[in-house]
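These are the residues of each chain, in order.
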Amino acid sequence: MSNTPILSRRTALMGAGAALALPAIQPAWAQGAPIKVGVLHSLSGTMAISETALRDTVLMMVEYANSQGGLLGRKLEAVVVDPASNWPLFAEKARELLAVHKVDVTFGCWTSVSRKSVLPVFEELKGLLFYPVQYEGEEESPNIFYTGAAPNQQAIPAVEYLMSKDGGEAKRIVLLGTDYVYPRTTNRILRGFLNSKGIGNADIMEEYTPFGHSDWQGIVSRVKRFASEGKKTAIVSTINGDANVPFYREMGNQGIKAEDIPCVAFSVGEEELAGIDTKPLVGYLAAWNYFMSIKGAPNEEFIKLWQAYIKNPKRVTNDPMEATYTGFRMWMNAVKQAGTTAVAQVTPALIGQKLMAPCGYEETMLPNHHLSKPVLIGEVQANGQFNIVWKTPNAVPAENWSQFIPENANRKKG
Amino acid sequence: MKRFLLSCFLALLLMTSGRAQEGFVAALPGLGASFGETASAVEKLGASGDPRGLPILKALQDGTLLRAGDGRILLGQGNAAVDAATGAAAPADGAEPVRLNNRVRSALRSALGQLQLLSPDATERAAAADAVFRSASAENIRLIDTALARETVPAIKEKLRLALAAAQLAGTEAEAKRQAITTLGHAGSTEAREILLKAKAADASLAAPIDVALTEIDRSLAYRRAAETFVQGLSLGSVLLLAALGLAITFGVMGVINMAHGEFVMLGAYATFLVQEALRGTPFAPWALPLAIPAAFLITAAVGALLERGFIRHLYGRPLETLLMTFGVGMVLQQAIRLGFGAQNREVISPPWMQGTLLLPGGIAMTQNRLWIILFGILVFLLVVAAIRFTRLGLEMRAVVQNRRIAATMGIRTGRVDALTFAFGSGLAGLAGVALSQIDNVSPNLGTGYIIDSFMVVVFGGVGSLFGTLVGALTLGIINKVLEPYAGAVLAKVFVLVAIMLFIQRRPRGLFALKGRAAEA
């Protein structure tokens, strides 16, 4: 039951869609109120660009679940709120979802700061939150399931790749980031990792810029200079949001090619590339756990479901959307297994859930509330998609407490 | 003729390398097997010197090199494909393009350099000389010697000499090495520095002469770096100047605290986008950017005039209310654009003459888009000064600001002058938007990043003084860029803000304080 392919049920889906349109033959839902699914994503403000697609993904999954006859014979109903990219408002809206709407599960948040803001609310009101974005780790809550990557599932393998023969054997690393918690924590972990691999602090350059930074001329020429010390240099970019566009443009204008100074980014995906001219970016790398260009039936099903739901055959899918989808399906399976939506019973049922995810690997929900995930490195192509140049042979279990942060040494494993 | 040249070329290469035939055939099967094998096959093709390798490498670069299921390598697409080894037609059914990664790309660049060093095309030769220089491999010494003997273009000759030095440094001859070190030292480029450092790490006995050469390079680089920092500061300053000029009129001259100024800048950028879209596919498309200049000016000026007539004129003399009202208007404009164009960034294409780097005399590198923006900023500044000094509107503007009632008694329609002045200032913001569309993202919140900076420049330079705005913008730009390497981008901004706060404490009226409330040009 756990790996029900969606495509085989597509006819059922369409049938159910038609049935919903005609109240007269609407299937009789079993007794009981609908199961409520909270959606806590910013639909306005700076994060709206990224988070709107996740809201749509959750709504798509609600529609999909209903087309399957709902869960436990009950219909699903989405409750959408807009925390407007405003971090304190996230906590208020989370409280509203849990206390007023009494949702059974919530899918939401993008930035780490918004997750930190809702965490106490979910713990206090014993809610259940699925968080679908790659993040810096250093967190574990009984009420949150993290379906995005932990640092050892994205940042560290990416740097290992840069240091490998195929990646160019980098001996000097530039850590460029936007100035907030995710890049700073990630770079702290990476510095510990690089030191452990014999790359000293003299061979690491670390720089931060404000959100939306547009004047990259100084930084790019400093990177160029840093790279001219006789050792192969690579950039690890945790630059977030649209500051990436002027950054890559400046790299192109200053004549830096991906083969001279390779650059791997952790926050540039298909959605981000959709609005820009990608020709100057060809060869630049991104590390994720999912790319739209992955071949295989699970991904084809996911893309078809999405493009049919959004009624646009050109819309792209990306990693956080896949993480939302995977989390939602694991939650559905856990609810079926527990026979209830009560958080106390669903949480233990979630641990150990396995699912053939669109990334083409079987992912498992681990006792630390994180997933095992494959790590993929893709190269930007002229059409805005990624060409996968490296991947791990198996799904990697998440390590949310990084071994490269000294304070974690005394923490018990698991 | 072409065939003749090619055979000469072939004969020449065969002389330099006897292994050509085997190298070419042996290299082919590796292509597309794995990234590592592709890279070494590319290296073999480059080293073989066989001209048959050239179309294969070019196809690999363009993504038209295919590998069939049975390992044959095909060139071209669909039914037009040919077998790379035999040249016979071979349908490309089921063949997959050979994929590249950065390792293959870097091998490809060196190999293309080796094969194109004797190419009849001068641009190809120049690129090849650069590539051979970068690969700094002793294998290439004879090849470069041959090329150097035949080369006629002085610039390429110079590149080849450097390439030869780099190759000799990797070779075995001690005397050649010493000369190479001196040559590279005179070159004074970061690339030469990199090659010298690598050689130093490889051979400790060369450390002493290399250190001498490195000192020479470092001296010329330090000078160049200082010049580049200055130019970058000038470029940031010109962006600040453009963003602040409109505000220097509306806030500096009229005294209106216009918090929607940033949104006018944003409207200018969207006007640029609209002009580009309107001209897409027409013969005027390459001129979209110059044509956007008047369009952006007129659109934002019209919006500015509406704002002044509709709202601001009712609030003259009430700065707090003006501030709140324009802040609200800014939010409305931002959301209106978000609803109309979507929250995603819009792409404004840079014309080719604004891409890439220009090498100024002395080896100072400067990106073209920044250079154009500096020129544009200066031009707009001069036009504004001229407009205020020499036009009738400028005269009336100054008269109204100096003494509204007397100006009115002289027959000046002060209300009309107010509207036109505000429209003029808004139009200037639109011009800033055209420039920013080339270096920043065209998004609804484009303007919010510039509003604080603009006020900072105007207040620092002295409210009401256009010359103060010019000096203020350039000073802030240069200070920012000088501080950035030491403090980082975030702290540099903080330092500049603190410095301005202290400065304003001592000179509350800015750099160029006006006497009385007169405006000047």
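From a predicted model like this one, the values you see are computed outputs, not experimental measurements. (Residues numbered from 1 in each chain as written. Chains lettered and ligands numbered in written order. Predicted model: local features only at pLDDT ≥ 70, side-chain atom pairs only at ≥ 80, totals over all residues. Heavy atoms only, no water.)

Looking now at the overall build of chain A. When helices and strands are counted, chain A shows 12 helices and 14 strands. Expected size for 414 residues packed as a compact globule is a radius of gyration near 22 Å; at 22 Å, chain A falls within 12% of this value. When its C-alpha atoms are laid out on the principal axes, chain A stretches across 75 × 50 × 40 Å. A total of 414 residues make up chain A; the buried ones form 60% of that total. (Helix = DSSP H or I, 4+ residues; strand = E, 2+ residues; numbered from the N terminus. Rg over C-alpha atoms; globule rule 2.2 N^0.38 Å. Buried < 20%, exposed > 50% of the residue type's maximum accessible area, 1.4 Å probe, protein only.)

This part covers the sheet that holds strand 9 (residues 263-265) of chain A. Residue and element names in this part refer to chain A. Read from one edge of the open sheet, seven strands run 7-6-8-9-10-13-14, paired in mixed fashion. The open sheet has two edge strands with one neighbour each: strand 7 (204-209) and strand 14 (386-391). Taken pair by pair, the neighbouring strands of this sheet meet at an average axis angle of 25°, ignoring direction. For strand 8 (residues 233-238) and strand 9, the ladder comprises three bridges, and the chain directions are parallel. Within the sheet, the bridge partner assigned to V236 lies in strand 9 and is V264. In this fold helix 6 (residues 181-196) packs onto strand 6 (172-178), strand 7 and strand 8, with an angle of close to 180° to the strand it touches most, strand 7. (Pairing = 2+ DSSP bridges. Axes fitted to C-alpha atoms, helices over the stretch in contact; angles between N-to-C directions. Contact = heavy atoms within 4.5 Å.)

Positionally, Q154(A) belongs in the loop between strand 5 (144-146) and helix 5 (155-163). Not counting residues up to four positions away in its chain, the partners in contact with Q154(A) are Q134(A), A149(A), Y182(A), F266(A), A287(A), W288(A) and V375(A).

Here we come to the sheet that holds strand 3 (residues 82-83) of chain B. Residue and element names in this part refer to chain B. Ordered in space as 3-2-1-4, the four strands form an open sheet in which the pairing is antiparallel. For this open sheet the edge positions go to strand 3 and strand 4 (96-97), each flanked by a neighbour on one side alone. Pairing analysis gives two bridges linking strand 2 (residues 73-75) to strand 3, with the strands arranged antiparallel. Opposite L74, over in strand 3, you have D83 as the bridge partner.

Once that is clear, we can look at the environment of Q168(B). Note on placement: Q168(B) falls in helix 8 (residues 154-169). Along the primary structure Q168(B) and S137(B) are separated by 31 residues, whereas in three dimensions their C-alpha atoms are 7.9 Å apart.

Residue and element names in this part refer to chain B. Per-chain confidence: chain B averages 86 in pLDDT, with 93% of residues scoring 70 or above. Confidence drops under a pLDDT of 50 for residues 14-19, and excluding neighbours within four residues, the segment shows seven contacts in the predicted structure. For residues 517-521, every residue scores under 50 in pLDDT, and the model assigns this stretch 15 contacts once sequence neighbours within four places are set aside. (pLDDT = per-residue confidence, 0-100.)

What follows is about unusual backbone geometry. Of note in this structure, L72(A) is not a glycine but carries a positive phi near 55°. Of the residues examined, L72(A) reaches a relative accessible area of 36% and is grouped as partly exposed.

Let us look at the domain arrangement of chain B. Per the domain assignment, the segments of chain B are domain 1 (2-206) and domain 2 (225-352 + 360-506). Relative placement of domain 1 of chain B and domain 2 of chain B: their C-alpha centres are 49 Å apart. (Domains from an automatic or database assignment.)

Turning next to the pairing of strand 3 (residues 105-108) of chain A. All names here are of chain A. Where burial is concerned, the two faces of strand 3 agree: the one with V105 and F107 and the one with T106 and G108 are both buried. With four bridges joining them, strand 1 (residues 35-40) and strand 3 adopt parallel strand pairing. Each residue of the ladder has a partner; that of G38, found in strand 3, is T106. Sheet analysis places strand 3 next to strand 4 (residues 129-131), joined by two bridges and oriented parallel.

The next thing to look at is the side chain of E151(B). All names here are of chain B. Among the secondary structure elements, E151 is positioned in the loop between helix 7 (141-150) and helix 8. When its relative accessible area of 5% is taken as the criterion, E151 is described as buried. Apart from the residues within four sequence positions on either side, E151 is in contact with R125, I156, K157 and L160.

We now examine the pattern of salt bridges. Applying the stated criterion across every chain, the model contains 41 salt bridges over all chains. A salt bridge links R184(A) to D179(A); the nearest nitrogen and oxygen atoms lie 2.7 Å apart. Its relative accessible area of 43% is what places R184(A) among the partly exposed residues. Residue D179(A) is classed as partly exposed on the basis of its relative accessible area, which comes to 27%. Residue E407(A) pairs with R188(A) through a salt bridge whose shortest N-O separation is 3.0 Å. Placement of the pair is E407(A) in the segment after strand 14 and R188(A) in helix 6, with a sequence separation of 219 residues. When salt bridges with common partners are traced through the structure, they connect E207(A), D215(A), R222(A), R370(B), K481(B) and E484(B) into a single cluster. (Salt bridge = Lys/Arg side-chain N within 4 Å of Asp/Glu carboxyl O.)

The subject of this paragraph is helix 5 of chain A. Burial analysis of helix 5 of chain A places seven of its nine residues in the buried class, which makes it a mostly covered element. Residues of helix 5 of chain A that are buried sit in contact with helix 6, strand 8, strand 9, strand 10 (285-288), strand 13 (376-380) and strand 14 of chain A.

As a further point, take the domain arrangement of chain A. Size of an interface: often given as the accessible area lost when the parts come together. All names here are of chain A. Taken domain by domain, chain A consists of domain 1 (7-149 + 295-371) and domain 2 (152-293 + 377-410). Inter-centroid distance (C-alpha atoms) of domain 1 to domain 2 is 29 Å. Facing the 33 residues of domain 1 at the interface are 32 residues of domain 2. Between domain 1 and domain 2 lies a buried interface of about 2600 Å² when both sides are counted; carbon and sulfur atoms form 54% of it. Connecting domain 1 to domain 2 are 18 residue pairs in polar contact (both at pLDDT 80 or more). When contributions to the side of domain 1 that touches domain 2 are tallied by element, the ones reaching two or more residues are helix 2 (48-67), helix 10 (297-310) and helix 11 (319-338). (Buried area = accessible area lost by both parts, 1.4 Å probe. Polar contact = N/O pair within 3.5 Å; in protein donor to acceptor, adjacent residues only side chain to side chain.)

Next up on the list: a nonpolar patch on the surface. A contiguous nonpolar surface patch, about 550 Å² in accessible area, is contributed by L491(B), V494(B), F495(B), V498(B), M501(B) and L502(B). Looking at where M501(B) falls in the secondary structure, it is placed in helix 20 (residues 466-506). (Patch = residues over 30% accessible without salt bridge, like charges linked within 9 Å, V, L, I, M, F, W, Y side chains within 5 Å. Areas by Shrake-Rupley, 256 points an atom, 1.4 Å probe, with all protein chains shown as cover.)

Here the focus is the interface of chain B and chain A. Each partner contributes residues to the interface: chain B has 44 residues there, and chain A has 49 residues. Around 3900 Å² of area is buried between chain B and chain A when both sides are counted, 40% of it from carbon and sulfur atoms. Our enumeration of links across chain B and chain A arrives at eight salt bridges. Ionic pairing is found between D260(A) and R109(B), a salt bridge with its closest N-O pair at 2.4 Å.

Bringing helix 8 (residues 244-253) of chain A into the picture now. Since the α-helix advances by 3.6 residues per turn, residues separated by three or four positions end up pointing in the same direction. All names here are of chain A. For helix 8, a buried count of eight out of 10 residues is recorded, marking the element as mostly surrounded by other parts of the structure. Restricting attention to buried positions, one finds in helix 8 the residues N244, V245, P246, F247, Y248, E250, M251 and N253. Of the residues one or two after helix 8, G255 is the one with positive phi, at around 75°.

All names here are of chain B. Put simply, helix 3 (residues 35-48) and helix 5 (residues 102-116) touch, their axes get as near as 8 Å, and they point 10° apart. Classed by the angle they form, the pair helix 3 and helix 5 counts as roughly parallel. For the pair helix 3 and helix 5, the contacting residues are F35, G36, T38, A39, V42, E43, L45, G46 and A47 in the first and R103, V104, A107, L108, A111, Q114 and L115 in the second. A breakdown of the residues in the contact of helix 3 with helix 5 according to their chemical character gives 10 nonpolar, four polar and two charged. (Parallel < 35°, antiparallel > 145°, perpendicular 65-115°, else oblique. Nonpolar A, V, L, I, M, F, W, Y, C, P; charged D, E, K, R; others polar.)

On to the packing of aromatic side chains, then. Each aromatic ring pair is described using two quantities: the centre-to-centre distance and the angle formed by the ring planes. Residue and element names in this part refer to chain A. Applying the stated rule across the entire model yields 25 aromatic pairs over all chains. Note on Y131 and Y135: the rings are 5.8 Å apart at their centroids and 85° apart in plane angle, and the pair reads as edge-to-face. For the pair Y131 and Y135, a shared accessibility class is recorded, and that class is buried. Members of the aromatic cluster, connected to one another through ring pairs, are F107, F130, F145, F328 and W331. If you follow R172 out to its NZ or CZ, it ends over the ring of F226, 3.8 Å from the centre. Over the ring of Y208 we find R184, and its NZ or CZ is 4.0 Å from the ring centre. (Phe/Tyr/Trp six-rings, centres within 6.5 Å; stacked < 30°, edge-to-face > 60°. Lys NZ or Arg CZ within 6 Å of the ring centre and 35° of its normal.)

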